[in-house]
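# A look at the structure
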There are 2 protein chains.
Amino acid sequence: MADAEYVNIWMRPERPARGPKPAYSRAQITEAAIRIADAEGVEAATMRRIAAEIGAGAMSLYRYVPSRDNLVELMADRLMGEIDVTGMPSGDWRADLTRYADEWRAMWLRHPWIAGVQRSLPSFGPNQLLLIERLMGVLDAFVPIDENLGLMAMLNGYVEGSVREEISSAGEFRRSGLSESEWMARSGAYIDQLVKSGDYPMFTKIVTEARQPHLSRDEQFRHGLGRVLDCIAAALPAHREGL
Amino acid sequence: MADAEYVNIWMRPERPARGPKPAYSRAQITEAAIRIADAEGVEAATMRRIAAEIGAGAMSLYRYVPSRDNLVELMADRLMGEIDVTGMPSGDWRADLTRYADEWRAMWLRHPWIAGVQRSLPSFGPNQLLLIERLMGVLDAFVPIDENLGLMAMLNGYVEGSVREEISSAGEFRRSGLSESEWMARSGAYIDQLVKSGDYPMFTKIVTEARQPHLSRDEQFRHGLGRVLDCIAAALPAHREGL
DNA sequence: CGCAACCGCGTACAACGTACCCAGTGGAGG
DNA sequence: CCTCCACTGGGTACGTTGTACGCGGTTGCG
């Protein structure tokens, strides 16, 4: 009960004031964990593996991080920091949201394992908070805060949906050690079977028609994003023609 | 390699044809696992615990389910089945999408642990497929399939964002055995500190203004949903005024 | 100069998913 | 009818995980 306020990782100071100089750091540990997760999937980033990566003993990590769950929170927030939102809001909301969406997509493609670490409870690390500040600022002048939240949720839904699909079809095979051929044998045959059965016309349409081969992934993403931003524009009173 | 096609859980038959009558079933096991997850969180649904719930030995489950990961896929798809989409598309797309959103939200509130089991690779179980068929059918007459996908992703983003926030503030304390008071001490004090610091005006605005106490959760959700459907309406050519 | 507070970390343990093996069983072939 | 064997449920055991605990050494403050 004495350090009840330290239950939250973001309130707990990295190190106590007294004592010898520490050999490692939270940032260093987080970095090593992300490196492993990028290369072998997030489940490969075990405490022992991370410790080995930085040349430490497994239990040494617990001098810096209370638990593995908390370390994953640190990793996720570190990734949020890769989304560059400097200079937002710039005044051009469409440019701001486009840049944000592009940055987010690029980050997810660099670290596809982030798709599997969402927690039911939100975390609010410093990078996440900065993102909220900048992003909510973009439309703050146009709509009340609750509508702003709804619009950002819509935007996030589009970006996340697109990138998830992209990750799974481009092949995030690292997860659970699946090789590309194994994944094709597994998912490809199943999808073929569904399509051939004729019972799932919409699913078939998605699989066969939604991917336009003459457009690059980037272009397809940008095109869909344009439609989403049109939707948002329609919801901004200052930009709506009639009414 | 002989049963390479059985790598996918949805292609693997539940039981071989020959032999004695089985004592349990996939459905029964899935149901028991969901019951435990509802009561104690998804991490409490271990193989031994599930087996005990139905009065079986731990290893017996593996006669029905290849792995725990696959069992979680079964659980997730079973939950998709709780979203009632019979009669869709009805012709009234706004009513259809409203019902879908309500059903989804209700399901998530019944089983909040679903927020933590998203996989990077999609699963496409029978209930999920049915959902895709009905839901994509709603706007199929109005927009091409890729725009339809984008619009549904936006809708999903709004619903998921709302419900996630609702879950965490209404208190999904079961996860990792947090009690309500522990969660308040952890998150409440942290949020208070962020607000009092004055460094996060947007975050503060969200926390203090976005929740309107005179409206019920249902009403707030419905209100925001209305705005999202307005956005979608603006994207449907047949419903657009100008152009 | 002492000494308490810190360090890194080796050992140990409980809990997990699950491979392997066993004795029992009931439906198909004779 | 009997025989057989593919199947059953499940006990035991193994490797891996997160992490509690305690050790001997180090360091900066009084």
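Predicted, not measured: the structure shown is a model, and the values here were computed from it.

## Looking at the overall build of chain A
- A count of helical and extended segments in chain A gives 9 helices and 0 strands.
- In chain A, the order of α-helices and β-strands from amino to carboxyl end is α-α-α-α-α-α-α-α-α.
- Buried positions account for 47% of the 243 residues belonging to chain A.
- With an accessible surface of roughly 11,800 Å², chain A has 54% of that area assigned to carbon and sulfur atoms.

## What to know about the domain arrangement of chain A
Residue and element names in this part refer to chain A.
- Each assigned domain of chain A is listed here: domain 1 (9-79) and domain 2 (87-177 + 211-240).
- Computed over C-alpha atoms, the centres of domain 1 and domain 2 are 28 Å apart.
- Facing 17 residues of domain 1, the contacting portion of domain 2 comprises 15 residues.
- The contact between domain 1 and domain 2 buries some 1,300 Å² in all, and 60% of this surface belongs to carbon and sulfur atoms.
- When the buried area of domain 1 at its contact with domain 2 is split by residue, D38, D77 and L79 rank highest and sum to 42% of it.
- Between domain 1 and domain 2 we count 6 residue pairs in polar contact (both at pLDDT 80 or more) in total.
- Listing elements by their share of the side of domain 1 that touches domain 2, those giving two or more residues are α1 (26-40) and α3 (68-80).
- Sort the elements by how many residues they give to the side of domain 1 that touches domain 2 and α3 lands first, with 8 residues.
- The residue inventory of the side of domain 1 that touches domain 2, partitioned by class, reads 9 nonpolar, 1 polar and 7 charged.

## Considering the protein's contact with DNA strand C
- Around DNA strand C, the structure places 24 residues, and the nearest of them are R15, R63 and Y64 of chain A together with R48 and R68 of chain B.
- Protein-adjacent atoms of DNA strand C, using a 4 Å cutoff, are sugar or phosphate at a proportion of 49%.
- Within the backbone of M47 of chain B, an N or O atom sits 3.1 Å from a phosphate oxygen of DNA strand C.
- In terms of residue class, the surface near DNA strand C is made up of 12 nonpolar, 5 polar and 7 charged.

## Here we look at the protein's contact with DNA strand D
- Near DNA strand D you find 25 residues, and of these R48 and R68 of chain A together with R15, R63 and Y64 of chain B are the closest.
- Sugar and phosphate atoms form 50% of the subset of DNA strand D atoms that lie within 4 Å of the protein.
- One of the side-chain nitrogen or oxygen atoms of Y24 of chain B is found 3.5 Å away from a phosphate oxygen of DNA strand D.
- One of the side-chain N or O atoms of Y64 of chain B is found 2.2 Å from a phosphate oxygen in DNA strand D.
- In the surface near DNA strand D, the residues fall into 12 nonpolar, 6 polar and 7 charged.

## Comments concerning the packing of aromatic side chains
- The full count for this structure, using the stated rule, is 10 aromatic pairs over all chains.
- Ring centres 5.9 Å apart and planes at 35° place the aromatic pair Y100 of chain A and W104 of chain A in the tilted group. Of this pair, Y100 of chain A and W104 of chain A both sit in helix α4 (residues 93-110), 4 residues apart, which is roughly one turn of the helix. Grouping residues by exposure puts Y100 of chain A and W104 of chain A together as buried.
- Ring geometry for F203 of chain A versus F124 of chain B: centroids 5.0 Å apart, planes at 75°, classification edge-to-face. Residue F203 of chain A is found in helix α8 (residues 201-209), and its partner F124 of chain B is found in the loop between α4 (93-110) and α5 (126-138); the two belong to separate chains.
- What makes F124 of chain B buried here is its relative accessible area of 16%.
- Taken together through their ring pairs, the aromatic side chains of Y100, W104 and W108 of chain A make up a single cluster.

Cut-off values and rules
- Residues numbered from 1 in each chain as written.
- Chains lettered and ligands numbered in written order.
- Predicted model: local features only at pLDDT ≥ 70, side-chain atom pairs only at ≥ 80, totals over all residues.
- Heavy atoms only, no water.
- Helix = DSSP H or I, 4+ residues; strand = E, 2+ residues; numbered from the N terminus.
- Buried < 20%, exposed > 50% of the residue type's maximum accessible area, 1.4 Å probe, protein only.
- Areas by Shrake-Rupley, 256 points an atom, 1.4 Å probe, with all protein chains shown as cover.
- Domains from an automatic or database assignment.
- Contact = heavy atoms within 4.5 Å.
- Buried area = accessible area lost by both parts, 1.4 Å probe.
- Polar contact = N/O pair within 3.5 Å; in protein donor to acceptor, adjacent residues only side chain to side chain.
- Nonpolar A, V, L, I, M, F, W, Y, C, P; charged D, E, K, R; others polar.
- Near = heavy atom within 4 Å.
- Phe/Tyr/Trp six-rings, centres within 6.5 Å; stacked < 30°, edge-to-face > 60°.

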